[in-house]
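# Notes for the structure review
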Amino acid sequence: QEDGTLTLGLATRADIVDQRTIEVELRPGVTFQDGTPYTADAVKLGVDRNFKSPNARSAYGTPDSRSFESIEVTSPTTFTIHLKDDVAGSFYTLLASAEFAVLSPASAPEGVYPAPTAVGAGPFKVKSYDPGVKLELDFGATGEGDGNNEHIGIAGGSSFGDDRGHFVVGGE
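Rules of the game
Residues numbered from 1 in each chain as written. Predicted model: local features only at pLDDT ≥ 70, side-chain atom pairs only at ≥ 80, totals over all residues. Heavy atoms only, no water. Helix = DSSP H or I, 4+ residues; strand = E, 2+ residues; numbered from the N terminus. Buried < 20%, exposed > 50% of the residue type's maximum accessible area, 1.4 Å probe, protein only. Areas by Shrake-Rupley, 256 points an atom, 1.4 Å probe, with all protein chains shown as cover. 1 Å grid on protein atoms, 1.4 Å probe; cavity = no way out; pocket = protein on both sides within 12 Å on 5 of 7 lines; lining within 4 Å. Points joined across faces, edges and corners; volume = space filled by probe spheres on them. Nonpolar A, V, L, I, M, F, W, Y, C, P; charged D, E, K, R; others polar. Pairing = 2+ DSSP bridges. Axes fitted to C-alpha atoms, helices over the stretch in contact; angles between N-to-C directions. Phe/Tyr/Trp six-rings, centres within 6.5 Å; stacked < 30°, edge-to-face > 60°. pLDDT = per-residue confidence, 0-100. Contact = heavy atoms within 4.5 Å. Expected span 1.5 Å × (residues − 1). Core = buried A, V, L, I, M, F, W, Y, C linked by side-chain atoms within 4.5 Å.

## Concerning the overall build of the protein chain
- In terms of helices and strands, the protein chain carries 3 helices and 9 strands.
- Secondary structure elements of the protein chain, listed N to C terminal, follow the sequence β-β-α-α-β-β-α-β-β-β-β-β.
- Buried positions account for 34% of the 172 residues belonging to the protein chain.
- When the accessible surface of the protein chain is split by element, carbon and sulfur atoms take 51% of a total near 9,000 Å².

Set out below in structure tokens:
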């Protein structure tokens, strides 16, 4: 939002339990654009994949991201983030960052970086994808946006947002 607050999209809640723990409950019934269910297991696979990426150190080099320890799946729609340091308050904003930008497990083979295809969930649908070079997205094309079908493009791993505060980060 314009005031800096985060609005939940794919989750129904994200609670700071204590300074080393964040619990997230996903919106039920959400699927990736290839039809794969968007579950806590899929988020765990995706986040673990992101942090294992050979580019993770440079892409996710913030002090807070280095505090990530693990994700524990507690139900099909709930997971708990465990942190090494007392940074849950500042780490919370990373839930809207590249570290938590999860691809469909069907489109992101383990150990292959960058993924050969980009299949996500939410109001942005991939229009075109050239790994490490260009990512073009349409907003609202999945039926989850406001119908304006705004188009944004990302080149060279840069990040920016549209006029409603939707931010997308390129690169993996």
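So that's the structure; there's more coming.
## Side note on the layout of surface pockets
- Here the second largest pocket is characterised by a volume of approximately 220 Å³.
- Every residue lining the second largest pocket is counted, 13 residues in all, and those nearest its centre are L45, G46, R49, A108 and E110.
- Of the residues that constitute the lining of the second largest pocket, the class distribution is 7 nonpolar, 2 polar and 4 charged.

## Focus on the pairing of strand β1 (residues 11-18)
- Where β1 meets strand β2 (residues 21-26), 6 bridges bridge the pair, whose relative direction is antiparallel. Counted as the bridge partner of R13 is E25 from β2.
- What sits between the antiparallel neighbours β1 and β2 is a turn of 2 residues.

## A few points about the sheet that holds β2
- The strand order across the open sheet formed by 4 strands is β1-β2-β4-β3, and the pairing between neighbours is antiparallel. Bordering the open sheet on either side are β1 and β3 (68-75), each of which pairs with just one other strand. On average, adjacent strands in this sheet sit at an angle of 20 degrees to one another, irrespective of strand direction.

## Observations concerning the packing of aromatic side chains
- All chains considered together, the criterion is met by 3 aromatic pairs.
- For the pair F51 and F68, a centre-to-centre distance of 4.4 Å together with 10 degrees between the ring planes defines the contact as stacked. Taken together, the residues span a long stretch of sequence, with F51 in helix α1 (residues 40-52) and F68 in strand β3 at a distance of 17 residues.
- Taking the relative accessible area as the measure of exposure, F51 reaches 22% and is therefore partly exposed.
- Summarising the aromatic geometry, the rings of F91 and F100 are spaced 6.0 Å apart at their centres and angled 90 degrees between planes, so their arrangement reads as edge-to-face.

## Remarks on the pairing of β3
- Both β3 and strand β4 (residues 78-83) contribute to a ladder of 6 bridges, which runs antiparallel. Bridge pairing links S70 to H82 in β4.
- Hairpin connection of β3 to β4: 2 residues between the antiparallel strands.

## A closer look at the confidence of the model for the protein chain
- With 74% of its residues at a pLDDT of at least 70, the protein chain reaches an overall mean of 76.
- Predicted confidence is poor over residues 145-172, with pLDDT under 50, and the contacts of this stretch with residues over four places away or in other chains come to 68 contacts.

## Describing α1
- Across its 13 residues, α1 extends 18 Å between first and last C-alpha, which sits within 8% of the 18 Å expected from 1.5 Å per residue.
- Turning to α1, its buried residues number three or more, namely A40, A42, V43, G46, V47, R49 and N50.

## Here we look at the nonpolar core
- Of all hydrophobic cores here, the largest spans 25 residues; its most connected members are V24, F79, I81 and F91.
- Sort the elements by how many residues they give to this core and α1 lands first, with 4 residues.

## Considerations on the environment of F79
- Here F79 shows up in strand β4.
- The buried category is assigned to F79, whose relative accessible area is 3%.
- With 55 residues separating them in the primary sequence, F79 and V24 have C-alpha atoms 5.5 Å apart.
- Excluding its chain neighbours within four sequence positions, the residues that come into contact with F79 are I22, E23, V24, L26, A40, V43, I71, E72, V73 and T74.

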